[in-house]
Amino acid sequence: MAKVELKLTKLEDVELEDVKWLWYPYIPFGKVTVIQGDPAQGKTHLLLKIAAQCTTGDAFPDTKSFEPFSVIYQTAEDGLGDTIKPRLIKSGADQSRIININEDELPLTVIDERIEEAIIRTGAKLIIFDPIQAYMGKIDINSAVEVRRILGKLGKMAEKHECAVILIGHLNKRETVNSSTRGMGSMDIRACARSVLLVGRLKDDPNIRVIVHDKSSLAPEGDSVAFELDMDRGFQWVDGYEDITAIDILSIPVKAKKDNTKVMQAVEILKDLFKDPGTVIPATEVFAILAKEGIKESTVKTAKKYVNGLDSDKSGKEWVWLIKTEERKEGVNSDTDDLPIEI
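Asks: How would you explain the sheet that holds strand β12 (residues 280-282) if you had to name every residue and give the values?
Replies: Strand pairing in a sheet takes place through backbone hydrogen bonds and is either antiparallel or parallel in direction. Spatial strand order, β12-β14-β13: three strands in an open sheet with antiparallel pairing. Where the open sheet ends on each side, the last strands, each with one partner, are β12 and β13 (310-315). Going from strand to strand, the sheet's axes swing by 35° on average, the running direction of each strand aside. As paired strands, β12 and strand β14 (residues 318-323) are joined by three bridges and run antiparallel to one another. Counted as the bridge partner of P282 is V320 from β14. With respect to the sheet, helix α8 (residues 283-291) is in contact with β12 and β14, its orientation differing from that of β12 by roughly 80°.

Asks: Please provide a residue-by-residue account of the packing of helix α3 (residues 113-122) against helix α4 (residues 144-161), values included.
Replies: Contact pair α3 / α4: the axes reach a minimum separation of 11 Å and the direction vectors enclose 10°. By the angle between their axes, α3 is roughly parallel relative to α4. When you trace α3 past α4, the crossing you get is right-handed. Side by side, α3 and α4 meet where I115, E116, I119 and I120 of the first sit next to M157, K160 and H161 of the second. The residue makeup of the contact of α3 with α4, split by class, is four nonpolar, one polar and two charged.

Asks: Any chance you could break down the pairing of strand β3 (residues 32-37) for me, citing the residues and the numbers?
Replies: Among the six residues of β3, six are classified as buried, and the element is accordingly described as predominantly covered. Bridge analysis of β3 against strand β7 (residues 164-170) gives six bridges, and the strand direction is parallel. Along β7, the bridge assignment pairs Q36 with G169.

Asks: If you had to explain the side chain of K215 to someone new, which residues and values would you point to?
Replies: Take K215: it is sitting in strand β9 (residues 205-216). You can call K215 buried: its relative accessible area is 5%. Polar side-chain contacts of K215 include one of 2.9 Å to the backbone oxygen of R190.

Conventions used here
Residues numbered from 1 in each chain as written. Predicted model: local features only at pLDDT ≥ 70, side-chain atom pairs only at ≥ 80, totals over all residues. Heavy atoms only, no water. Pairing = 2+ DSSP bridges. Helix = DSSP H or I, 4+ residues; strand = E, 2+ residues; numbered from the N terminus. Axes fitted to C-alpha atoms, helices over the stretch in contact; angles between N-to-C directions. Contact = heavy atoms within 4.5 Å. Parallel < 35°, antiparallel > 145°, perpendicular 65-115°, else oblique. Left-handed = near helix turned anticlockwise from the far one by under 90°. Nonpolar A, V, L, I, M, F, W, Y, C, P; charged D, E, K, R; others polar. Buried < 20%, exposed > 50% of the residue type's maximum accessible area, 1.4 Å probe, protein only. Polar contact = N/O pair within 3.5 Å; in protein donor to acceptor, adjacent residues only side chain to side chain.

Dropping the structure here:
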């Protein structure tokens, strides 16, 4: 195996670069954005509206108009002729600027060479994959290592061509109000994205769908943005829902909310138990301490995931809990901004 030459870069030699935006602060150029939500919440309508406005240069809410450009739209769930095109027409899209890469002979993946070739040939500045699970290839989407390998390559391609990438995701069935753990697949899908948007209906007005800025690595999180889907008028941006939160639009059973209150109580107790560096406590003792507060062992194990660095090791014949340093942790999700969970 050939030896790879060591190359070092001093940060003083790195030039500062401004982030360019398709829609500030929600969708950056040259980066990966995830838009997720439960089925039938309006994700596809939203994406087609975004695509349509890109082809015409019409301003997004709180932005100015811009030079129109081409969009690559890949879907594994809807027909181009009976669903996608009619909705694009209704959204006023310039259809000559909407491109689809044919997958008849070979299914597409996010690292397929045809994607970069299509970007170069068409000058597209936005590419959409709907849904992400259909375009990850034959990998385990629950594997952090495999997800990072695939999305890392996609991110580099997006940055090279200053092309915004949007991945559409579904939510899992987990009964939690913690939006950061609701995405299907590995948490590293979320970790690799620079922006995550959550789409859902208002419970008291299901015609109103709200986009909640659920993660933002490049700018302060933006206010929530709403749209209405009307049978006659189609898609309409609407004002007045800037303060809506993820909890307001997530469909969570009452029992789950009560359960999560217990989880948060356990998180706070665990933080207090392990606040001093070097603290090591047998797992049986941890469970016993929290049992006195009426917290079950399964709930304690769930809470453990939301205490940064808290891990377990075998010490002789028993398991102990301790805070591991960054150097000792393996396979830990680096997207720590999402923790702990919020109720």
